[in-house]
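Summary of the model geometry
These are the residues of each chain, in order.
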Amino acid sequence: MIIHWLTQTLDDHPDLRRGVPPEGLLSGYEFDIFTHLKTDKRRRDWLLGRWTAKNLLQSINGGKTPLDAISIFNRPDGSPYCPEYPHYSLSISHSGDRALVAVAQGGEIGVDIEHIEPRFPGFVDDYFTGSEQAMVYLSSDRDRLINAIWSAKESALKAIRAGLTLDARAVSCPIESPVALDWTPFSVTYTEARHAKGWWRQEGEYVLTLVTLDKETQHD
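Given the structure is predicted, the values throughout are model-derived calculations rather than measurements. (Residues numbered from 1 in each chain as written. Predicted model: local features only at pLDDT ≥ 70, side-chain atom pairs only at ≥ 80, totals over all residues. Heavy atoms only, no water.)

Turning our attention to the overall build of the chain. Across its full length, the chain carries six helices and 11 strands. Dimensions of the chain, computed from the C-alpha atoms along their principal axes, are close to 50 × 35 × 30 Å. Across the 220 residues that make up the chain, the buried fraction comes to 50%. Residue pairs at least 24 apart in sequence account for 55% of intrachain contacts in the chain once pairs closer than 6 positions are excluded. Within the structure as shown, the chain displays about 10500 Å² of accessible surface, and the carbon and sulfur contribution to it stands at 51%. (Helix = DSSP H or I, 4+ residues; strand = E, 2+ residues; numbered from the N terminus. Buried < 20%, exposed > 50% of the residue type's maximum accessible area, 1.4 Å probe, protein only. Contact = heavy atoms within 4.5 Å. Areas by Shrake-Rupley, 256 points an atom, 1.4 Å probe, with all protein chains shown as cover.)

This is the structure:
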């Protein structure tokens, strides 16, 4: 399996931060969806996700397909898909002023991006497995590790199209503490004895994770 991924920010197009659709970005269907988004933040996040996803999909096709000829839909479970690229699994995540998108051919993928920041008291006890809690309490860099593990859980649940409809403790993602400046592997175990592979990295004040259910994965 080959994975393509891309991160972009609100500063990558002047209209994005204003919550205005860049010219030539949205299909007619998507523009209708956009007009029903209620808040400025939701509009900015949604546009940034589409902007990033379509730029990634366009690059896979050698830049030949206009962005507004690519439509991104959502399944009933909320997961995104693109009918113009039916052989690709697609995942989108936002945090702060950034979006992370990845696509994979031949298997399911989930991605997540998180800003490194303190979580509320009790967060680790409420959402982490016993082994994950032990890793956090032994770490000298807890905020980064907590956000990395949480991001990994989000990616893992997206990969099986469950999102947070499942208890976050239904999946275990034991990430090691040292900073990962390039994609670094970690293991994923679901409570039903299903296994997957994950990768994580840090970019500035953000952690990025992706999880695929396929055994052989190559980054591109």
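Turning our eyes to something else, we now look at the packing of helix α5 (residues 130–138) against helix α6 (residues 142–159). Helix-helix packing is described using two parameters, namely the angle between the two axes and the distance between the axes. At a minimum axis distance of 8 Å, the contact between α5 and α6 shows a crossing angle of 155°. Between α5 and α6, the crossing angle belongs to the class labelled roughly antiparallel. Crossing hand, α5 versus α6: right-handed. Contact residues: E132, M135, V136 and Y137 in α5; R142, L145, I146, I149 and K153 in α6. Among the residues forming the contact of α5 with α6, the class breakdown is six nonpolar, no polar and three charged. (Axes fitted to C-alpha atoms, helices over the stretch in contact; angles between N-to-C directions. Parallel < 35°, antiparallel > 145°, perpendicular 65-115°, else oblique. Left-handed = near helix turned anticlockwise from the far one by under 90°. Nonpolar A, V, L, I, M, F, W, Y, C, P; charged D, E, K, R; others polar.)

Take the sheet that holds strand β10 (residues 206–212) next. Overall, antiparallel pairing links the five strands, which are arranged β6-β10-β9-β8-β7 in an open sheet. In the strand order of this sheet, the two ends are held by β6 (109–115) and β7 (171–172), each with one partner. Across two bridges, β7 lies against strand β8 (residues 184–190) in antiparallel orientation. Within the sheet, the bridge partner assigned to S172 lies in β8 and is T189. Its contacts with the sheet put α6 on β6, β7, β8, β9 (195–203) and β10, and the angle it makes with β6 is roughly 155°. (Pairing = 2+ DSSP bridges.)

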